[in-house]
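Coordinate inspection notes
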Amino acid sequence: MSANQSPVGMQPTATYDSAFLKACRREPVPHTPVWFMRQAGRSLPEYLKVREGIPMLESCMRPELVAEITLQPVRRHRVDAAIYFSDIVVPLKAIGIDLDIKPGVGPVVAEPIRTRADLARLRDLTPEDVIYVTEAFGLLTRELGATPLIGFAGAPFTLASYLVEGGPSRNHEHTKALMYGDPQLWADLLDRLAGITAAFLKVQIEAGASAVQLFDSWVGALSPADYRRSVLPASRKVFEAVSGYGVPRIHFGVGTGELLGLLGEAGADVVGVDWRVPLDEAARRVGPGKALQGNLDPAVLFAGREAVETKTREILDAAADLEGHVFNLGHGVLPTTDPDALTRLVEYVHTRTAR
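The rules behind each value
Along every chain, residues carry numbers that run from 1 in the direction the sequence is written. Two thresholds apply to this predicted model, a pLDDT of at least 70 for residue-level local features and 80 or more for giving and counting side-chain atom pairs, whereas whole-chain, interface and lining totals are computed over all residues. Hydrogen atoms and water are omitted, and side-chain values are computed over all heavy atoms in the structure. Think of it this way: any DSSP run of H or I at least four residues long counts as a helix, any run of E at least two long counts as a strand, and we number them from the N terminus. We take the radius of gyration over the C-alpha atoms and set the globule estimate at 2.2 Å times the residue count to the 0.38 power. Using a 1.4 Å probe on the protein chains alone, a residue whose accessible area is under 20% of its type maximum counts as buried, one over 50% counts as exposed, and one in between counts as partly exposed. Residues count as neighbours in contact if any of their non-hydrogen atoms are within 4.5 Å of one another. None of His or the chain ends enter the tally, which takes Lys and Arg as positive and Asp and Glu as negative. Note on charges: their place is set at NZ of Lys, CZ of Arg, CG of Asp or CD of Glu. Polar contacts here mean pairs of N or O atoms no more than 3.5 Å apart (in protein, one a potential hydrogen donor and the other a potential acceptor; neighbouring residues in sequence count only if both atoms are side-chain atoms). Centres within 6.5 Å make a pair out of two Phe, Tyr or Trp rings, where for Trp the six-membered ring is used; the pair is then stacked when the planes are under 30 degrees apart, edge-to-face when over 60, and tilted otherwise. Placement of a positive charge over a ring is assigned whenever Lys NZ or Arg CZ falls within 6 Å of the ring centre and within 35 degrees of the normal to the ring plane. Strands were regarded as paired on the criterion that DSSP finds at least two bridges between them. All axes here are fitted lines through C-alpha atoms, helices being fitted over the stretch that makes contact, and every angle between N-to-C directions spans 0 to 180 degrees. A score between 0 and 100, pLDDT records how confident the predictor is in each residue. The span expected for a helix works out to 1.5 Å for each residue beyond the first. Throughout this description, the term salt bridge denotes a Lys or Arg side-chain nitrogen within 4 Å of a carboxyl oxygen of Asp or Glu.

A few words now on the overall build of the protein chain. The helix and strand tally for the protein chain stands at 16 helices and 9 strands. A compact globule built from 355 residues should have a C-alpha radius of gyration of about 20 Å, and the protein chain, at 19 Å, falls within 12% of that. Principal axes of the C-alpha set define a box for the protein chain whose edges measure 55 × 45 × 40 Å. Going through the 355 residues of the protein chain one by one, you find that 58% of them count as buried. Sequence-distant contacts, at least 24 apart, represent 72% of the contacts inside the protein chain between residues at least 6 apart. Side chains of the protein chain give 37 positive and 43 negative charges; the mean places of these two sets differ by 1 Å.

This part takes up the side chain of D129. For D129, the location among the structural elements is in the loop between β3 (106–109) and α7 (131–144). A relative accessible area of 18% means that D129 is categorised as buried. One polar contact links the side chain of D129 to the main-chain amide nitrogen of T126, over a distance of 2.8 Å. If near-sequence neighbours (up to four positions away) are discounted, D129 is found in contact with A94, I95, R123 and D124.

The next thing to look at is the side chain of D274. Here D274 lies in the loop between β7 (270–272) and α14 (279–286). Of note is the side chain of D274, whose polar atom sits 2.6 Å from the backbone nitrogen of G255. With near-sequence residues (within four places) excluded, D274 lies in contact with F252, G253, V254, G255, T256, N295 and G330.

The next subject is the packing of aromatic side chains. For the structure on display, the rule yields 6 aromatic pairs. Relative to F252, the ring of F215 lies with its centre 6.2 Å away and its plane at 75 degrees, an arrangement referred to as edge-to-face. Highlighted residues: F215 in strand β5 (residues 211–216) and F252 in strand β6 (residues 249–253), separated in sequence by 37 residues. F252 matches F215 in its accessibility class, with the two residues each being buried. Within the aromatic cluster, the residues linked to one another by ring pairs are F152, F215 and F252. Over the face of the ring belonging to Y16 we find R25, whose NZ or CZ atom lies 3.8 Å from the ring centre. For the cation-ring pair, R276 lies above W275, with the distance from its terminal atom to the ring centre recorded as 4.2 Å.

The subject of this paragraph is the sheet that holds strand β9 (residues 325–329). Strands sit in the order β1-β4-β5-β6-β7-β8-β9 across an open sheet of 7 strands; the sheet is parallel. Each edge of the sheet is formed by a strand with only one pairing partner; in this case those strands are β1 (82–83) and β9. In terms of strand pairing, strand β8 (residues 291–296) meets β9 through 5 bridges, oriented parallel. Opposite Q293, over in β9, you have V326 as the bridge partner. Packed on one face of the sheet, α7 meets β1 and β4 (149–154) and runs near 150 degrees to β4.

Turning to the pairing of β6, a few remarks are in order. Across the 5 residues that make up β6, a large majority, 5, are buried. Here β6 shows no split at all, with R249, H251 and G253 on one side and I250 and F252 on the other all buried. Summarising the sheet, β5 and β6 pair through 5 bridges and their orientation is parallel. In the strand pairing of β6, D216 is matched with G253. Relative to β7, β6 runs parallel, the two being bridged by 2 bridges.

Right, let's get into the confidence of the model for the protein chain. For the protein chain, per-residue confidence averages 95 on the pLDDT scale, and 97% of positions sit at 70 or higher. Scored below 50 in pLDDT, residues 1–9 makes 17 contacts in the model with residues more than four places away or belonging to other chains.

What follows is about helix α5 (residues 63–77). The end-to-end C-alpha separation of α5 is 22 Å, in line with the 21 Å expected for 15 residues at 1.5 Å each. Of all 15 residues that make up α5, 11 are buried, and the element is covered over most of its length. Buried residues of α5: P63, L65, V66, A67, I69, T70, L71, Q72, P73, V74 and H77, and no others. Looking at the buried positions of α5, the neighbouring elements they touch are α3 (45–51), α4 (56–59), β1, α7, β4 and α16 (339–353). The first or second residue beyond α5 is R78, which carries a positive phi of 60 degrees.

To continue, consider the pattern of salt bridges. By the definition in use, this model includes 20 salt bridges. A salt bridge links R229 to D226; its shortest N-O distance comes to 2.4 Å. Here R229 and its partner D226 are both found in helix α11 (residues 224–230), 3 residues apart, which amounts to about one turn of the helix. Take R229: its relative accessible area is 54%, and that puts it in the exposed class. Its salt-bridge partner being R236, residue E265 comes within 3.8 Å of it at the nearest N-O pair.

Here we come to unusual backbone geometry. The residue after G294, namely N295, is reached through a cis peptide bond having omega -5 degrees. Notably, R78 is not glycine yet its phi reads approximately 60 degrees, a positive angle. Relative to the elements of secondary structure, R78 occurs in the loop between α5 and β1. Judged by its relative accessible area of 61%, R78 is exposed.

Encoded structure:
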């Protein structure tokens, strides 16, 4: 164990007593910690300035640029954690999948994966494939000091959906056709992606991540029975692969009110909740032994200060009896959000919950 690691797994000692990590561990906190999904990005003018003329995937592979973008919301909003700036398709690009992130569209895959022969294109990910990630984490952990840095990855189902559909999809018809029509190929695809995802998270943890979040952006398209049968094993494999590091593991999906208990069952220490389910009801669905994260509707930030504070109080009241609570939005910051509204929100939560 190195000098800068705590006795609990590989969690960095500088961040161990932070409000964010205490909440993740369901311990008493000095105030409810706050961070925002997509806090580093499109809503910040300083982000738009440094990203100008640089394609998204290229920007994810420049360590100094990644570090600057990751730090911007910490400086501006005084959030309790930084989230590593990247994209869920970065590990797929790193292993040679021909894809690009098209402005206004999202990730687009040149040759979708739909047959058993296509699986051969999904080779194992090695640390050497993403050396820029290790370099960026080194820059960030030195700069952040006691502020935790959250690593992240896309969950196997969501990655599979992009790969099978060839890009974003409203109905996921090709994905579901494969899942229902060739269950063994589907299971093998998700298992392969689980290995790639786990390797990507291990790189981040070993480089200094204080926690990791698994994003399953599209999994709300599934029923609980389909999730349990066709997705849960792969998500569980990812969480089990990083369990020995001792860092909190967060699981988040959109439209997953019916899946909240299963998201926790997959191995998360913290279950992310979108705005559709009140936190007290979410706690009932998830069951004991898990912290919750969420869940202000991102659109509320457009309604004015009084409305934001009213809705925030409702969330904090619903979270009053939770074992652990990390305040967040119910999804990512919308591109046209006023950055000052986010700064005020952080200050409001900190002030109202100060112990």
